[in-house]
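# Inside the fold
Residue strings, one per chain:
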Amino acid sequence: NVREIAAVMDRAVLIGQGGPSGPSNIVIGRRGDNEYSFINSGILTTSGAIAGTNAVAVNIEGLSSNGTIYTTTLTGGFSNAGGDINSVALDATATGVRIGGYAIMPTLNNSGDIGVATTDSTTNTATGAVGNKGGSAYGILIEQNAQVRTLLNSGKILVTSDGLTSGAYGVV
């Protein structure tokens, strides 16, 4: 169980390809005490502290490299079990939970809070005039070539964005 991770960088949690031995398929089994492979019951926070830096709190992804597909499989799925997932960015994209290409899981279950916000550095706070930057905000983003059979949500997903080049999306 994750209790609290705060990251002033682009990700708080990354489950995917990498490391000195090169890419390979990743399989994470179910926990012995639960039906899920990865459980967050704490606080995960990430911030694109530098303007233009994207922020993703939970990033689960596979990889396509030189025509070979490497999958990342969570056999029991991911559960945000009453936890908080927060992601903020300035003039960039912010995402709470990203299930990238070639990630495979049966279930993504949110019973906690997912809060995502983007801010536009050129907004005039005195007049309220919208600026010309900002970024898109995604609560849960399931990308092409990802496989998530079931998405359950009994929690809250709050997504806000600011600026002309922004959009706010709860689940995509």
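Procedures and definitions
- Residues numbered from 1 in each chain as written.
- Predicted model: local features only at pLDDT ≥ 70, side-chain atom pairs only at ≥ 80, totals over all residues.
- Heavy atoms only, no water.
- Salt bridge = Lys/Arg side-chain N within 4 Å of Asp/Glu carboxyl O.
- Buried < 20%, exposed > 50% of the residue type's maximum accessible area, 1.4 Å probe, protein only.
- pLDDT = per-residue confidence, 0-100.
- Contact = heavy atoms within 4.5 Å.
- Phe/Tyr/Trp six-rings, centres within 6.5 Å; stacked < 30°, edge-to-face > 60°.
- Helix = DSSP H or I, 4+ residues; strand = E, 2+ residues; numbered from the N terminus.
- Pairing = 2+ DSSP bridges.
- Axes fitted to C-alpha atoms, helices over the stretch in contact; angles between N-to-C directions.

### Quick look at the pattern of salt bridges
A complete count under the given rule lists three salt bridges for this structure. One salt bridge in this structure joins Asp33 and Arg31, with 2.8 Å as the shortest N-O distance. The class for Arg31 is partly exposed, based on a relative accessible area of 24%. Within this structure, Glu61, Arg98 and Glu143 form a network of salt bridges that share partners.

### Concerning the confidence of the model for the protein
Here the protein averages 90 in pLDDT, and 94% of its residues register 70 or above. pLDDT under 50 marks residues 1-8. Its contacts with residues more than four places away, or in other chains, come to 25 contacts.

### A few points about the packing of aromatic side chains
Counted by the stated rule, this structure contains two aromatic pairs. Between the aromatic rings of Phe38 and Phe78, the centroid separation amounts to 5.2 Å while the plane-to-plane angle is 15°, which identifies the pairing as stacked. With Phe38 in strand β4 (residues 38-48) and Phe78 in strand β9 (residues 78-80), the pair connects residues that are 40 residues apart, well separated along the chain. The buried category is assigned to Phe38, whose relative accessible area is 14%. Relative accessible area serves as the criterion here: at 1%, Phe78 is assigned to the buried category. Ring plane angle 20° and centroid distance 5.1 Å describe the contact between Tyr138 and Tyr169, whose orientation is recorded as stacked. With Tyr138 in strand β14 (residues 137-142) and Tyr169 in strand β17 (residues 168-171), this residue pair connects regions lying 31 residues apart in the sequence.

### Quick look at the sheet that holds β17
Pairing is parallel across the open sheet formed by five strands, whose spatial order is β2-β5-β11-β14-β17. Strand pairing shows two members of the sheet lacking a second neighbour, β2 (11-15) and β17, which therefore form its edges. Averaged over all neighbouring strand pairs, the angle between strand axes comes to 15°, with direction disregarded. Note: β2 against strand β5 (residues 55-60), four bridges, orientation parallel. Bridge pairing links Ile15 to Ile60 in β5.

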